[in-house]
Amino acid sequence: MKKFVAAIAVLSTSIFTLQAQTEKGTALIGGHFNFSSDKTGSMSEYKTHSYKFSPKAGYFIGDNFAIGTNLSVGYSQTKQQNVPNNKNTNLSFGVAPFARYYLTITERFRFFTEFEVSWNTNKLKGSQNPDFAREQYERRQDYGANLQPGLAFFPTKKWAIEMSFPFVGYSKSVTKPVGYPDTRKFTNDHVNFGLSTLNPLIGVNYHF
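Parameters and conventions
- Note on numbering: residues in each chain are counted from 1, in written sequence order.
- Local features in this predicted model are restricted to residues of pLDDT 70 or higher, and side-chain atom pairs are both shown and tallied only at a pLDDT of 80 or more, whereas totals for entire chains, interfaces and linings draw on every residue.
- Based on all heavy atoms of the structure, the side-chain values leave hydrogens and waters out of the count.
- Strands here mean DSSP runs of E at least two residues long; helices mean DSSP runs of H or I at least four residues long; both are numbered from the N terminus.
- Classification of residues uses two cut-offs on accessible area relative to the type maximum, computed with a 1.4 Å probe and protein chains only: under 20% is buried, over 50% is exposed, and between them is partly exposed.
- Contacts between residues were defined by any pair of non-hydrogen atoms, one from each residue, lying within 4.5 Å.
- We count a salt bridge whenever a side-chain nitrogen from Lys or Arg sits within 4 Å of a carboxyl oxygen from Asp or Glu.
- In these notes, a set of buried Ala, Val, Leu, Ile, Met, Phe, Trp, Tyr and Cys residues joined through side-chain atoms within 4.5 Å is what counts as a nonpolar core.
- The rule is short: rings of Phe, Tyr and Trp, with Trp giving its six-membered ring, pair when the centres are within 6.5 Å, and they are stacked under 30 degrees, edge-to-face over 60, tilted in between.
- Two thresholds decide whether a charge sits over a ring: the Lys NZ or Arg CZ must be within 6 Å of the ring centre and within 35 degrees of the ring normal.
- Here a polar contact is taken to be a pair of N or O atoms separated by no more than 3.5 Å, where protein atoms must pair a possible hydrogen donor with a possible acceptor and residues adjacent in sequence count only if both atoms sit in side chains.
- The criterion for strand pairing is that DSSP finds at least two bridges linking the strands in question.
- The patches reported here contain residues having more than 30% relative accessible area and no salt bridge. Joining distances are 9 Å for like charges and 5 Å for nonpolar side chains (Val, Leu, Ile, Met, Phe, Trp, Tyr).
- Note on areas: Shrake-Rupley, 1.4 Å probe, and residue coverage restricted to the protein chains presented here.

Q: What am I meant to see in the overall build of the protein here?
A: When its secondary structure is counted, the protein shows one helix and ten strands. Walking the protein from its N terminus toward its C terminus, one meets helices and strands in the order α-β-β-β-β-β-β-β-β-β-β. Out of the 208 residues belonging to the protein, those deemed buried represent 29%. Intrachain contacts of the protein at a sequence separation of at least 6 include 60% that bridge at least 24 residues.

Q: Explain the pattern of salt bridges here, please?
A: Close approach of charged atoms lets side chains of opposite charge pair. Inspection of every chain in the model, using the stated rule, returns four salt bridges. Through salt bridges with shared partners, a single ionic network connects Lys56, Arg100, Glu114 and Glu162.

Q: Mind showing me how you'd approach the nonpolar core here?
A: Listed in full, the eight residues of the largest apolar core are Leu28, Phe60, Ala66, Tyr102, Phe112, Ala152, Phe154 and Ala160. When sequence neighbours within four positions are dropped, the list of residues in contact with tyrosine 102 reads Thr22, Leu28, Phe60, Asn64, Arg110, Phe111, Phe112, Ala152, Glu162 and His207.

Q: How should I be thinking about the environment of tyrosine 46 in this particular structure?
A: Summarising the element assignment, tyrosine 46 is placed in strand 2 (residues 46-62). Considered as a pair, tyrosine 46 and glutamine 80 are 34 residues apart in the sequence and their alpha carbons are 4.6 Å apart. Setting aside residues no more than four positions away along its own chain, tyrosine 46 makes contact with Asp38, Lys39, Thr40, Thr78, Lys79 and Gln80.

Q: Would you explain the environment of leucine 124 in this entry?
A: Within the secondary structure layout, leucine 124 lies in strand 5 (residues 109-125). Classification of leucine 124 as partly exposed rests on a relative accessible area of 22%. As a C-alpha pair, leucine 124 and glutamine 136 span twelve residues in sequence and 9.2 Å in three-dimensional space. Leave out the neighbours within four places in its chain, and leucine 124 touches Thr89, Asn90, Tyr137, Glu138 and Arg140.

Q: I would appreciate a short explanation of the packing of aromatic side chains in the present structure.
A: Each aromatic ring pair is described using two quantities: the centre-to-centre distance and the angle formed by the ring planes. For the structure on display, the rule yields seven aromatic pairs. Centroid distance tryptophan 159 to tyrosine 206: 4.9 Å. Interplanar angle 55°. Geometry classified as tilted. Taken as a pair, tryptophan 159 in strand 7 (residues 159-164) and tyrosine 206 in strand 10 (residues 201-207) lie far apart in primary sequence, 47 residues in all. Relative to phenylalanine 208, the ring of tyrosine 206 lies with its centre 5.8 Å away and its plane at 20°, an arrangement referred to as stacked. We note lysine 56 situated over the ring of phenylalanine 98; from NZ or CZ to the ring centre the distance is 4.9 Å. The lysine or arginine in question, arginine 100, covers the ring of phenylalanine 112, its NZ or CZ lying 3.9 Å from the ring centre.

Q: I would appreciate a short explanation of the side chain of glutamine 141 in the present structure.
A: For glutamine 141, the location among the structural elements is in strand 6 (residues 137-153). Among the polar contacts listed, one links the side chain of glutamine 141 to the side chain of tryptophan 119, at a separation of 3.2 Å. Setting aside residues no more than four positions away along its own chain, glutamine 141 makes contact with Trp119, Asn120, Thr121, Lys172, Ser173 and Val174.

Q: Looking at this structure, how should I read the pairing of strand 8 (residues 168-178)?
A: In regular strands, side chains alternate between the two faces of the sheet. For strand 6 and strand 8, the ladder comprises eleven bridges, and the chain directions are antiparallel. Opposite arginine 140, over in strand 8, you have threonine 175 as the bridge partner. Across eight bridges, strand 8 lies against strand 9 (residues 186-193) in antiparallel orientation. Directly across from valine 168, in strand 9, lies its bridge partner phenylalanine 193.

Q: Mind showing me how you'd approach the pairing of strand 1 (residues 27-40) here?
A: Inspection of the sheet shows strand 1 paired to strand 2 by 14 bridges, in the antiparallel sense. Bridge pairing links isoleucine 29 to alanine 57 in strand 2.

Q: Sorry, what's going on with a nonpolar patch on the surface here?
A: Where nonpolar side chains cluster on the molecular surface, the patch consists of Tyr59, Ile61, Phe65, Ile67, Tyr101, Leu103, Ile105, Phe109, Phe111 and Leu151 and spans about 890 Å² of accessible area. Of all elements in the fold, only strand 2, strand 3 (65-80), strand 4 (87-104) and strand 5 reach the threshold of two or more residues within the nonpolar patch. Among the structural elements, leucine 103 can be located in strand 4.

What follows is the structure, encoded as structure tokens:
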């Protein structure tokens, strides 16, 4: 009987510990940072550097259910080697409200699914044409909706290391040239379906 009572006590403590991480009324903050560098072209003459910082904040409106938002700022530059002043840059800002639900697997591991709606604005700039005095660039607006599963590992009660993967998504972009003779807008729609493990998103969150 004593062993049974002790087992119940241990189980109750574990359940309380798990609930304290994602229970109603708690919050999370975190995010991720991406950096990439690659070379393309038949002789690797194009070199690209990309940076992106995405902080996140959320609030649990129910046990295991959180809502919040992601912010993002990114910058990339592609430069042709041995060609002076031949480069393209992209500066972006974005916001993406999200809803997330956790499902307990073990004491330290939790599966989650997250749905987000995103908006990003981008300024894409290439080499300036000397025949035009005005600054030349393209302004692109991106809109999207994504559903992505993920796995969170809690090494401690308040810290979580997580990895998520694209699953289902829709995106639309509207691009408008600025400072060019032809300023007609053009759009692009894209739908993706299927779990992609080649592009995982890794982040760290603090729960409190």
